Amino acid sequence: MAFTKKVTLKSSDGELFIIDRAVALQSRTIQYVLEDTNPVDAIIPVPAVDARTLSKVLEYCKKHLIDLNTDFEDYSKWDKDFVDAEVWMLYDLIMAADYLHIPPLIDLICDKIASMFKGQTPDKIREIFNIDNDFSKEEEEDFKKKSGWAFK
Amino acid sequence: MAMIKKKTSADMFSFLPDHVISLILSFLPFIDAARTSVLSKRWRHIWHATVRIEFDESFFVKREESTEKRELARCGFIDFMRQWMLNYKEPVVETFSLSFTNPGEYRLDMENCLRFAILRGTRGLYLDFADPSWGEDEFDPHLRLFQLPTFVYKHKVLESLKLFSCRFDVSEFNAFSALKDLSLGWVEVRSSSLKALLMNCPLLEGLCMKNCWNLGDPDISGPNLRLRRLIIDKCSIDNHIILMAQKLQYFKYSGLVKSFLLEDQPDVEEAELDFGLESEFDNSGYCGDTLQDILRNLYSNTLTVCSYMLQELPSGEEPLRLYPYLDDMRHLILKTSMHSYELYGISFLLKSCPGLEMLTIDLGPARIFADYEPPFQIQSHVFWAQHIPFIDCVRETLKVVEVNGFKGDPNEIELLQNLLRYGCVLERMRINVIKSSDSEPTYQWRAQMLQYFAKASRRLQVVIS
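Residues numbered from 1 in each chain as written. Chains lettered and ligands numbered in written order. Predicted model: local features only at pLDDT ≥ 70, side-chain atom pairs only at ≥ 80, totals over all residues. Heavy atoms only, no water.

Enquirer: Could you give an account of the overall build of chain B, naming the residues involved and the relevant values?
Expert: If you tally the helices and strands in chain B, you get 13 helices and 20 strands. Its C-alpha atoms put chain B at 70 × 70 × 45 Å along the principal axes. Here chain B holds 465 residues, and 52% of them are scored as buried. Taking the contacts inside chain B whose residues are at least 6 apart along the sequence as the reference set, 65% of them involve residues at least 24 apart. Just so you have it, chain B exposes about 21,200 Å², and 50% of that area is on carbon and sulfur atoms. Here chain B holds 52 positive side-chain charges and 63 negative ones, and the gap between their average locations is 9 Å. (Helix = DSSP H or I, 4+ residues; strand = E, 2+ residues; numbered from the N terminus. Buried < 20%, exposed > 50% of the residue type's maximum accessible area, 1.4 Å probe, protein only. Contact = heavy atoms within 4.5 Å. Areas by Shrake-Rupley, 256 points an atom, 1.4 Å probe, with all protein chains shown as cover. Lys, Arg positive; Asp, Glu negative; His and termini not counted. Charge placed at Lys NZ, Arg CZ, Asp CG, Glu CD.)

Structure follows, in structure tokens:
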């Protein structure tokens, strides 16, 4: 079967990305689409991801394809810089990575977001991520008492 | 821009599906994940889907409390575990960790935990039944240890295993054909068991043995070993360690001085030697010779040495430097108090490493031996002025010097002053002043003084923090 070497992705806001097939295949979602239909020169819509986020995701996929031979340390440094982004960008990225199903990228972003939780009080975490506390004061205290072991 | 603004002021998680949040929580330590349950009503149960489970008695039991209170807290902990496992709905557990002292009467609960984890295909199993009150260098071989249940050996997908104070049957280890990482601690490991273990686990890349007893003369060699990291930490060893692992990259030894038979051991990236367990200075030259032999045969690019080694090294056959030189050494890390008794040892190493590029000095307390005998007289205040001019690496290759825990004692200042004066190719000197001390301003001031010393290198940057 003759595969096209290039694949065209269309972001939610209509921008087209022409990329190598091998880059696109890192997304399991796209992999399934290609396996099912093998569209020649067709455009694959990515309705859940806007152009800005998609270009960032593709940047990750390209890097991790080309540099498979780079040693571990170089790689982790690049990854670290890649996720050194604002909270809303991480949010867009994780949604995109989840939709496109790119497990190493999901792990990378989850690890980054988790690191923002570490050593913080609940109040501080709510502040960082704008989480609305819908517990009443009494409910919260009562709950903390019941799960006392975690709040010592 | 308007879109960004809107996004930053919104609760980012309100758009994320629960399964993504639980993925994030799986990257947190268990107790931190549990703390998210208080964030809001939605968060209350999400953490229950974490796939990295960690049950640690110390979450519930505080050591300083009375025996009765501790026993009550232990029951509470067991109840908590039972409930938690009962409510768990995920099909897969990634890693499972259990820390519990004296499991004796709770044996069934321990086994249920293991069944729970194995049924869900865990790839990492970490069992720690050791008592934190045990001293670092003591153990009781007569202790009745928890025996690893036989059904665990049927779990062939295990990649990472830790068994602390947990007896195992090494002949069953051939089932663990996927095992990559193994940590053993507070348990008897005979040298024959070790040999069998290395045979049975051909994929093993990391091996750590901590406070293991009856290790005899361990032989870690074999033509097909994949071992990359090896840690032998305070184990009881008879006379020597045989090491020949082709792929080894990191080796750490901590314990008493023993001979290392390293004849066919290829270069390792990093080695760390800590003989802090030695309680006496050996004037006979035996320990000095042994240490010099180890250095001669353990080729590494990065080496960490302890204060004991700095005092004992010059008492060996060669008092001033090693010959042949350690040509491969690029980075030397000294754990030292910069006591006058350690100076000859430091100079010994610097003179033995003609290609050294980086020197790290980690200052901290050290055991200094009153009966130390220097190879020659020590004149502390001019020691480095007399020695540094004759150290090749300082003039030719040393680029980076890093000092952690700087206090600015005379021996520290004198060494740094002379490194600055003679370090022709020095590019960076980083001084990390010891923090949270009343004398911090004094230490800072002493560090600042370094800026005013004469410098041989024009490119040099001195950073103080």
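On we go.
Enquirer: Requested: an account of the overall build of chain A, with residues and values cited.
Expert: Within chain A one finds eight helices and three strands. From first element to last, N terminus to C terminus, chain A shows the α and β order β-β-α-α-β-α-α-α-α-α-α. Within chain A, buried positions represent 41% of all 152 residues. Taking the contacts inside chain A whose residues are at least 6 apart along the sequence as the reference set, 57% of them involve residues at least 24 apart. When the accessible surface of chain A is summed, it comes to about 8,600 Å², and 52% of that surface belongs to carbon and sulfur atoms.

Enquirer: Could you give an account of the pattern of salt bridges, naming the residues involved and the relevant values?
Expert: As a working rule, side chains carrying opposite charge can pair if their charged atoms are close by. What the rule picks out here adds up to 29 salt bridges over all chains. As a salt-bridge pair, R35(B) and D32(B) come within 3.1 Å of each other at their nearest N and O atoms. Note that R35(B) and D32(B) are positioned in helix α3 (residues 30–35) at a spacing of three residues, about one turn of the helix. When its relative accessible area of 27% is taken as the criterion, R35(B) is described as partly exposed. Exposure remark for D32(B): the relative accessible area of 16% places this residue in the buried category. Residue E57(B) pairs with R74(B) through a salt bridge whose shortest N-O separation is 2.7 Å. Within this pair, whereas E57(B) is found in the loop between β1 (52–56) and α4 (67–87), its partner R74(B) is found in helix α4, the two being separated by 17 residues in sequence. Side by side, E57(B) and R74(B) carry an identical accessibility label, which is buried. Within this structure, D123(A), R126(A), E140(A) and K144(A) form a network of salt bridges that share partners. (Salt bridge = Lys/Arg side-chain N within 4 Å of Asp/Glu carboxyl O.)

Enquirer: Describe the packing of aromatic side chains, listing the residues and the values that go with them.
Expert: Counting across every chain of the model gives 47 aromatic pairs over all chains. On the numbers, 5.9 Å between centres and 20° between planes, the contact of F135(A) with F143(A) is stacked. Of the two residues, F135(A) and F143(A), neither departs from the other in class, the shared state being buried. Over the face of the ring belonging to F82(A) we find K56(A), whose NZ or CZ atom lies 4.6 Å from the ring centre. A cation over a ring is seen here: R52(B) above F27(B), with NZ or CZ 4.8 Å from the ring centre. (Phe/Tyr/Trp six-rings, centres within 6.5 Å; stacked < 30°, edge-to-face > 60°. Lys NZ or Arg CZ within 6 Å of the ring centre and 35° of its normal.)

Enquirer: Break down the pairing of strand β1 (residues 6–10) of chain A for me, citing the residues and quoting the values.
Expert: The sheet contact formed by β1(A) and strand β2 (residues 16–20) of chain A spans five bridges and is antiparallel. Residue pairing across strands places L9(A) opposite F17(A), the latter belonging to β2(A). (Pairing = 2+ DSSP bridges.)

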